[in-house]
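Descriptive analysis of the structure
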Amino acid sequence: MPKKVKYRKQQRGGKLRQRAKKGAELSFGSFGLRSLEAGLVSARQIEASRRAMTRYVQRGGKIWIRVFPSKPMTKKGDETPMGKGKGSVDHFVAVVEQGRIIFEMDGVPPETARRALKLASAKLCVKTRIEEKI
């Protein structure tokens, strides 16, 4: 969740069709998790993925999270009739374009990194591929 936002509620925006212009290359680590499709990844999914990776590598190596959940998503209460305005902010999501690097990892053996990133990808709602720096 961001510390401060300019507007409390945000519009959803159009379809996510474009490919990632920034954040599409491995910058920090030797291994990364690249998104193969566009989507909205929630803060809870990012945290669950991070925990899965950290637990598997047993606090070894270094992990970078390359996306940030800065977009607020609203939800109206259950059994609320139509109308009466927009709902309150429920959770935050990160907008992930196709080709965007979501996580990076370094300082662990290649097989360990691949397995940890595979566990992390299972927690996300977008299709992903494991990338390696050659």
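Keep in mind that what you see is a predicted model, and the values were worked out from it rather than measured. (Residues numbered from 1 in each chain as written. Predicted model: local features only at pLDDT ≥ 70, side-chain atom pairs only at ≥ 80, totals over all residues. Heavy atoms only, no water.)

A word on helix α2 (residues 110-121)
This is how the line gets drawn: Numbering of helices and strands runs from the N terminus; a helix is a DSSP stretch of H or I covering at least four residues, while a strand is a stretch of E covering at least two. Here the expected length of a helix is defined as 1.5 Å per residue gap, with one fewer gap than residues. Each residue gets one of three labels from its accessible area relative to the maximum for its type: buried under 20%, exposed over 50%, partly exposed in between, using a 1.4 Å probe on protein chains only. Directions from the helix axis toward the C-beta atoms define the arc. The contact criterion used is simple: two residues touch if any of their non-hydrogen atoms lie within 4.5 Å.
Taking 1.5 Å of rise per residue, 12 residues should cover 16 Å, and α2 covers 16 Å from first to last C-alpha, within 8% of that figure. Within α2, the full set of buried residues consists of A113, A116, L117 and A120. The buried residues of α2 all sit within an arc of 95° when viewed along its axis, so they share a single face. Summarising the geometry of α2, the exposed residues directed more than 90 degrees from the buried face are E111 and K118. Residues of α2 that are buried make contact with β1 (31-35), α1 (43-57), β6 (101-106) and β7 (128-132).

Quick look at the pattern of salt bridges
Applicable threshold: By convention in these notes, a salt bridge is any Lys or Arg side-chain nitrogen within 4 Å of a carboxyl oxygen on Asp or Glu.
Inspection of every chain in the model, using the stated rule, returns eight salt bridges. For E104, the salt bridge is made with R66, and the minimal N-O distance between the two is 2.2 Å. Here E104 is found in strand β6, whereas its partner R66 is found in the loop between β3 (62-65) and β4 (71-75), with 38 residues between them in sequence. With a relative accessible area of 17%, R66 lands in the buried category. Residue E132 pairs with R114 through a salt bridge whose shortest N-O separation is 2.7 Å. Placement of the pair is E132 in strand β7 and R114 in helix α2, with a sequence separation of 18 residues. Linked by salt bridges that have partners in common, R34, R129 and E131 make up one network.

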